[in-house]
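# Observations on the three-dimensional arrangement
Here's the letter readout for the chains.
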Amino acid sequence: MSASRKIEQLHSDGADLALHSWMPRNPRAAVFYLHGLQSHAGWSWQFGEYLGRRGVALFVLDRRGSGLSGGVRGDYASLDSLAYDYHVAYNHMLALLEDKQNVTLFGHCLGGSLLGGLLAKGGVFANYRSFVFCSTWLGRLHAVLSPEERSIIAGERSTELVDVDLKAHDFTDVKKYLDFISSDPLSIKCITARSRALFLEIEQIYLERGIDSGAASAHYIISSTDPIVNHQASFEVFNAITRNAGFLTVIPTNKHYIPFTDAREVLFKRTESIALEHHPTGWAHPVG
């Protein structure tokens, strides 16, 4: 089985957004993926091909200001705009699926934090059966910044650019991927100051409200060691916002961007298992 690769242009609140999909014939399930800060949908080609061969569709929206989407590069102005963009893309995906009940939400790195905020906010996604935080430091800004520093960031409204300070060697040690990241003209190197304020606001939402996921299962996937993520601090937040009802999977790599490591198929298989609701012994265990 193979998947049909497609990029569709969606119009949302004054911008044209690129929705990438890898769609097999008669998919058994679908994964809706929120990419990280530096990456974009184009980084997911192996993920999409793997899932597609197994009957699972993958949809990835290039966030406004990222990848092939319109908008000011690295600028995310408001929660309402972000939520509306994802709502439009998600509903477009649902319209393409015959089985609209078999969807997994998947957030990578910053995409996981955004997913947490949107789930806590409510009204963006519906009919999903599971959700995944992958390589995400949940509550990062609250963990590393003092209350005084957070207060300053929360008040930022300028479009002054801030370096995201991410290093390719923290993502992977495989040369072809290091070369790809270093030369990728679409990757985000800077964000605006008001975007950082928005990311802080989104953390605040899920830290305060938690996630009422109903019957959906919650999953946390992490590298065995991650140079960017503090495991302990993030696990505490994951446990708190999911009320100790989630599942943990550890992938054997010491790099951050698992799809660009030699452990990528472990991640792909685990995601396939979650999407198809198979939880064989040895893959995962409850967090607690």
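To be clear, the structure that these remarks concern was listed above.
Let us look at the structure shown here. Here the structure is a predicted model, which is why all the values come from computation and not from measurement.

### Observations regarding the pairing of strand S10 (residues 246-251)
- Here strand S9 (residues 217-223) pairs with S10 via 6 bridges, running parallel. Within S10, the position partnered with Ala 218 by the bridge is Gly 246.
- Since S9 and S10 lie parallel, the crossover through helix H9 (residues 231-241) that links them has a hand, and here it is right-handed.

### Thoughts on the layout of surface pockets
- There is about 610 Å³ of room inside the largest pocket.
- Around the largest pocket, the lining is made up of 23 residues, and of these Leu 37, Arg 140, Leu 141, Val 164 and Leu 166 lie nearest the centre.
- A breakdown of the residues in the lining of the largest pocket according to their chemical character gives 15 nonpolar, 3 polar and 5 charged.

### Side note on empty space enclosed by the protein
- Tallied over the full model, the rule gives 3 cavities of 30 Å³ or more.
- Estimates place the volume of the largest cavity at around 50 Å³.
- Around the largest cavity, the lining residues are Gly 36, Leu 37, Gln 38, Ser 39, His 108, Cys 109, Leu 166, Phe 171, His 256 and Tyr 257.
- Along the lines of polarity and charge, the residues of the lining of the largest cavity split into 5 nonpolar, 5 polar and no charged.

Parameters and conventions
Residues numbered from 1 in each chain as written. Predicted model: local features only at pLDDT ≥ 70, side-chain atom pairs only at ≥ 80, totals over all residues. Heavy atoms only, no water. Pairing = 2+ DSSP bridges. Helix = DSSP H or I, 4+ residues; strand = E, 2+ residues; numbered from the N terminus. Right-handed = clockwise from strand over helix to strand, strands pointing away. 1 Å grid on protein atoms, 1.4 Å probe; cavity = no way out; pocket = protein on both sides within 12 Å on 5 of 7 lines; lining within 4 Å. Points joined across faces, edges and corners; volume = space filled by probe spheres on them. Nonpolar A, V, L, I, M, F, W, Y, C, P; charged D, E, K, R; others polar.

This is a description of form; function is not addressed.
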